[in-house]
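# Structural overview for review
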Amino acid sequence: MEEEPIAKSLTTNLFNKYIHYTIVPREPPRLRTGGLDRTDGDYEDEYSCNPPALCMIIVSLIEVIFFTWDVIKLKTTESIQGPMASMFIYNPHRRREAWRFLTYMFVHVGRTHLIVNLIVQLLLGVPLEMVHRGWRVVLIYLSGVLAGSLATSVTDSSVYLAGASGGVYALITAHVATIIINWSEMEFAIYQLLVFTFLIFFDFGSSIYNRYFVDVDNQIGYTAHLAGAIAGLLVGVYTLRNLNVRPWEKKLCWSCFVIYVLLIGSGVMWNVIFPEYFSKEHF
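About the thresholds
- Residues numbered from 1 in each chain as written.
- Predicted model: local features only at pLDDT ≥ 70, side-chain atom pairs only at ≥ 80, totals over all residues.
- Heavy atoms only, no water.
- 1 Å grid on protein atoms, 1.4 Å probe; cavity = no way out; pocket = protein on both sides within 12 Å on 5 of 7 lines; lining within 4 Å.
- Points joined across faces, edges and corners; volume = space filled by probe spheres on them.
- Helix = DSSP H or I, 4+ residues; strand = E, 2+ residues; numbered from the N terminus.
- Nonpolar A, V, L, I, M, F, W, Y, C, P; charged D, E, K, R; others polar.
- UniProt positions renumbered as here; feature names shortened; annotations may be inferred.
- Buried < 20%, exposed > 50% of the residue type's maximum accessible area, 1.4 Å probe, protein only.
- Salt bridge = Lys/Arg side-chain N within 4 Å of Asp/Glu carboxyl O.

### A short note on empty space enclosed by the protein
- Taken as a whole, this structure holds two cavities of 30 Å³ or more when the rule is applied.
- Taken as a whole, the largest cavity encloses approximately 50 Å³ of empty space.
- The wall of the largest cavity is formed by Phe 66, Phe 67, Asp 70, Ser 79, Met 84, Ala 85, Phe 106, Val 107 and His 108.
- For the lining of the largest cavity, the secondary structure elements donating two or more residues are α3 (55-74) and α4 (83-88).
- Space inside the second largest cavity adds up to approximately 30 Å³.
- Lining the second largest cavity we find Phe 67, Asp 70, Val 71, Leu 74, Thr 76, Thr 77, Glu 78 and Ser 79.
- Of the residues belonging to the lining of the second largest cavity, the class tally is three nonpolar, three polar and two charged.

Okay, here's the thing in structure tokens:
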């Protein structure tokens, strides 16, 4: 009878430690005076399950529903020919259907593709929500998805896109953004930065290798990974909560915002104004 509470307590303790060391910066000593905490902007006070962190869970459920519907229709888990995939995948031949630049995140190529993305986005997204609130995390996620499809349409115009990798990469670099804007407040900041940097370069390198050196039928849109990572960093620096805003950080935030808007605007304008860049079959 006692094993269940112990297991629950251990799980809660491990999760709290994960949150504390990867998401929640410690409060700088200068903000503590007279034995009292100044809680203005204190992330510790913001780390909460109320309201519950549901945004990334809801996004994940939609992805599971889309995948399950196609599996039921096709009776296979390794195809993107189902009705949901056909309607929502990013198809370079149907760029006029603008919703595809975002909705491809709901479509996955096989069970492994779906499971990996679900694990990563929940593991990274839910803790971010508990500190920064869901709307910020969803904004970062969607910014990565949009950046991924726009960048691919311009630089790799024959590639189809399926999956939430752009959004997942945005969540990864959102953690990097948290480290940057709270460097002096984060515990083990340098080690966290090294870990996330390694993960990004390892996966990005693997994607390039699989695209050009492995004989497979499907093309991997590695450009979407890189663009999603850049978007997550830029939007994360501007959007995520900052414990102790310094003058240079304000300039950095606005610079990141302007750069992101210019990049996204350039991608949109390229698709709209220069149709001759694409062959007729791509439009």
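### Remarks on the UniProt feature "active site" (unreviewed entry) in the protein chain
- As recorded in UniProt, the sites labelled "active site" (unreviewed entry) are Ser 165 and His 225. For the annotated residues, spread through 61 residues, the largest C-alpha to C-alpha distance comes to 6.1 Å, consistent with a single compact locus.
- The residue Ser 165 is located in helix α8 (residues 165-181) in this model.
- When you line up the elements, His 225 lands in helix α10 (residues 222-239).
- Exposure remark for His 225: the relative accessible area of 10% places this residue in the buried category.

### Observations regarding the pattern of salt bridges
- Scanning the entire structure with this criterion turns up two salt bridges.
- Of the charged contacts in the structure, one is a salt bridge between Glu 97 and Arg 94, with a shortest N-O distance of 2.8 Å.
- A residue is classified by how much of its surface remains accessible, and Glu 97, at 18% relative accessible area, is buried.
- For Arg 94, a relative accessible area of 39% puts it in the partly exposed group.
- As a salt-bridge pair, Glu 97 and Arg 100 come within 2.4 Å of each other at their nearest N and O atoms. Judged on exposure class, the residue Glu 97 and its partner Arg 100 are both buried.
- One network of salt bridges, in which partners are shared, links Arg 94, Glu 97 and Arg 100.

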